[in-house]
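Here are the chains, one letter per residue:
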Amino acid sequence: MCVYEYEDLGEQIVTYNAILDGIDEALAQLKKADNLHGMTDIQGQSVIQLRQIYDTMIGDINDLERG
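Bear in mind that the values here come from a model prediction, so they are computed numbers and not experimental data.

## Section: the overall build of the protein chain
Then comes step 1: The helix and strand inventory of the protein chain stands at two helices and zero strands.
Then comes step 2: Per-residue burial over the protein chain gives 15% buried out of 67 residues.
Then comes step 3: Here the protein chain has roughly 5,200 Å² of accessible surface; of this, 54% comes from carbon and sulfur atoms.

Right, here's the structure in full:
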């Protein structure tokens, strides 16, 4: 692996981590809102989809780090 590819990989991991931090914060806020006000079925489905995206991105980061 050349240095240039490693720098791109590092930047990609940093970007993914920043996105994951945002998703994690959004999920925390949604959980808080659900506890206070309850969610509709559609809102609940959105949370499930957001968690699936989060899990997929975690898998992608693990693959990149192993890569």
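## Description of the pattern of salt bridges
Then comes step 1: What the rule picks out here adds up to one salt bridge.
Then comes step 2: The residue arginine 66 makes a salt bridge to aspartate 63 at a minimum N-O spacing of 3.6 Å. Remark: aspartate 63 and arginine 66 occur in helix H2 (residues 41-66); sequence separation between them is three residues, near one turn of the helix.
Then comes step 3: Residue aspartate 63 is classed as partly exposed on the basis of its relative accessible area, which comes to 45%.

## Focus: H2
Then comes step 1: A rise of 1.5 Å per residue sets the reference length of H2, with its 26 residues, at 38 Å; its end C-alpha atoms lie 38 Å apart and thus fit the reference within 8%.
Then comes step 2: Within H2 the residues assigned to the buried category are Val47, Met57, Ile61 and Leu64.

## Let's talk about the nonpolar core
Then comes step 1: One finds Tyr16, Leu20, Ile23, Leu27, Val47, Met57 and Ile61 forming the largest nonpolar core, which totals seven residues.
Then comes step 2: Only helix H1 (3-37) and H2 provide two or more residues apiece to this core.
Then comes step 3: For this core, the element with the highest residue contribution is H1, accounting for four residues.

Calculation rules
Residues numbered from 1 in each chain as written. Predicted model: local features only at pLDDT ≥ 70, side-chain atom pairs only at ≥ 80, totals over all residues. Heavy atoms only, no water. Helix = DSSP H or I, 4+ residues; strand = E, 2+ residues; numbered from the N terminus. Buried < 20%, exposed > 50% of the residue type's maximum accessible area, 1.4 Å probe, protein only. Areas by Shrake-Rupley, 256 points an atom, 1.4 Å probe, with all protein chains shown as cover. Salt bridge = Lys/Arg side-chain N within 4 Å of Asp/Glu carboxyl O. Expected span 1.5 Å × (residues − 1). Core = buried A, V, L, I, M, F, W, Y, C linked by side-chain atoms within 4.5 Å.

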